[in-house]
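Structural characterization, general
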Amino acid sequence: VSQSRYVVRCNLGDKLMVPKSNIGAHVIGEYGVKSGTITAGQTTTDNVGLTLNQIDRLGYESGQLQIIYDVNLTSGKAVNLKVDLYDSSTSGSFTGAATNLLSLASAIPYVKAGTVQGVYNLNVDFTNYARYLEFVVTADLTNTGTDTLQYDAMVVIGGADIIPTF
């Protein structure tokens, strides 16, 4: 899992337009690199949270959590997703209660047996959260045996008042 910052720029003729808020509605994720494997029913991987790197959202108002997946499902089975967000005014100090952003049964459904690849996008408004953010993504395979899931998650942030220089 990597921590990345992107700024979306739209060219309108000779003027540069930079969206200042709700950037999540204007960003689309693409299928990306795979990470670890989850096997249905394994207590060490299935329904266990994946904690993303801390994000310093200072100056950024919104973002999009992108869950990139490659899943092999038995006919009629699915992947349930849960996303929690911790925030803190102090770097590395996430001791408070999490805010649940998503609890979705059958977030990745499949009616026929086989492999599905894609991206699940969740837009997030950061304005009510402290400076530092930590997302925890939990995937739960509904089958008990052979289904597998490979996924990674990243956050694209935007809506800055001042565009940072890289």
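Now for a quick tour of the structure. Predicted model, so just to flag it, every value in this text is computed and none were measured.

The next thing to look at is the side chain of Asp46. Its place among the elements puts Asp46 in the loop between β3 (37–39) and β4 (49–51). Look at Asp46: it is buried, it has no salt bridge, and the nearest opposite charge is Lys77 at 11 Å. A distance of 2.9 Å separates the side chain of Asp46 from the backbone nitrogen of Leu141, its partner in a polar contact. Sequence-distant contacts of Asp46, that is, excluding residues within four places in its chain, are made with Ile38, Thr39, Ala40, Gly41, Ala139, Asp140 and Leu141.

What follows covers the pattern of salt bridges. In a structure, side chains of opposite charge can pair up when their charged atoms sit close to one another. In the structure shown here, the tally under the stated rule is two salt bridges. Note that Arg131 is salt-bridged to Asp56, the shortest N-O span being 2.8 Å. One end of the pair, Arg131, is in the loop between β9 (114–125) and β10 (132–141); the other, Asp56, is in strand β5 (residues 55–56), and 75 residues separate them in sequence. For Arg131, a relative accessible area of 32% translates into the label partly exposed. For Lys82, the salt bridge identified is with Asp84, shortest N-O distance 3.4 Å. The exposure class of Lys82 is partly exposed, given its relative accessible area of 38%.

Calculation notes
Residues numbered from 1 in each chain as written. Predicted model: local features only at pLDDT ≥ 70, side-chain atom pairs only at ≥ 80, totals over all residues. Heavy atoms only, no water. Helix = DSSP H or I, 4+ residues; strand = E, 2+ residues; numbered from the N terminus. Buried < 20%, exposed > 50% of the residue type's maximum accessible area, 1.4 Å probe, protein only. Lys, Arg positive; Asp, Glu negative; His and termini not counted. Salt bridge = Lys/Arg side-chain N within 4 Å of Asp/Glu carboxyl O. Polar contact = N/O pair within 3.5 Å; in protein donor to acceptor, adjacent residues only side chain to side chain. Contact = heavy atoms within 4.5 Å.

All quantities given are derived from atomic positions and should not be read as evidence of function.
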